[in-house]
Amino acid sequence: MNELLIQLLRASQHLFVGRLGFEPEMKYFDSGLLVCNARLLINQPGSKRDDGKQPDSFKLVLWNDKAQAFADACAKGDLVEVSGQVKSESWTDRNTGEERSAWSVQVEKWELLMKAKRDGAPAQQQAPAPAPAPSAAPAQPDWASSDSLPF
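A short tour of the structure in this document, coming up. Since the structure is predicted, the reported quantities are computational estimates derived from the model, not experimental observations.

1. What to know about the overall build of the chain
Logical step 1: In terms of regular secondary structure, the chain is built from two helices and seven strands.
Logical step 2: Mapped from its N terminus to its C terminus, the chain presents α and β elements in the order α-β-β-β-β-α-β-β-β.
Logical step 3: Each of the 151 residues in the chain was classed as buried or not, and the buried ones make up 24%.
Logical step 4: When contacts within the chain are restricted to residue pairs at least 6 apart in sequence, long-range pairs at least 24 apart make up 57% of them.

Okay, structure coming up:
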């Protein structure tokens, strides 16, 4: 891949919407850091269930508080929106010795859009948090009574 394109991908924020391909996996480090890895699957335009087309797949990487919140809220099959920087990773396969590469998204923001259908229950769309209920009518200040007004 052309070096300029790689630099553009690293410098830009990208938005993805798709379903999680497996349960988010948490890893805890001795240093106190934690990372969550997940797989986002995005159907290709026009694809249908069982048509043989494989969805595009992206590794998601979240760190620390974002990682914990994501792992607590999300599960396999959930519809999520993520934004972040795209990063290319390369390594040598231990078994074959081949050079391998993959793309990952370093997630900066995420939102759970819809929970997946589980055990026969329908999928649940995540509603925005309700606004706080209005409190009782505010008390009028002393100056607002008609008895105390000079006119």
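2. Some remarks on the environment of A75
Logical step 1: As for its placement among the helices and strands, A75 is situated in the loop between helix 2 (64-73) and strand 5 (79-92).
Logical step 2: Residue A75 is classed as buried on the basis of its relative accessible area of 11%.
Logical step 3: Those residues in contact with A75, other than ones at most four positions away along the chain, are L20, E23, P24 and R118.

3. Points about the packing of aromatic side chains
The description of an aromatic ring pair rests on the distance of the ring centres and on the angle between the ring planes.
Logical step 1: Per the stated rule, a full pass over the model turns up three aromatic pairs.
Logical step 2: The interplanar angle of 25° and the centroid separation of 6.2 Å between the aromatic rings of F29 and W63 together place this pair among those described as stacked. Residue F29 is found in the loop between strand 2 (25-28) and strand 3 (34-42), and its partner W63 is found in strand 4 (residues 56-63); the two are separated by 34 residues along the sequence.
Logical step 3: Residue W63 is classed as partly exposed on the basis of its relative accessible area of 39%.
Logical step 4: Plain terms: the ring middles of F70 and W110 are 5.1 Å apart, the flat faces sit at 85° to each other, and that makes the pair edge-to-face. Of this pair, F70 sits in helix 2 while W110 sits in strand 6 (residues 99-115), and the two are 40 residues apart along the sequence.
Logical step 5: Among the residues examined, F70 registers a relative accessible area of 0% and is labelled buried.
Logical step 6: For W110, a relative accessible area of 25% corresponds to the partly exposed category.

Basis of the calculations
Residues numbered from 1 in each chain as written. Predicted model: local features only at pLDDT ≥ 70, side-chain atom pairs only at ≥ 80, totals over all residues. Heavy atoms only, no water. Helix = DSSP H or I, 4+ residues; strand = E, 2+ residues; numbered from the N terminus. Buried < 20%, exposed > 50% of the residue type's maximum accessible area, 1.4 Å probe, protein only. Contact = heavy atoms within 4.5 Å. Phe/Tyr/Trp six-rings, centres within 6.5 Å; stacked < 30°, edge-to-face > 60°.

So, to be careful, I would describe these as geometric facts and stop short of saying anything about function.
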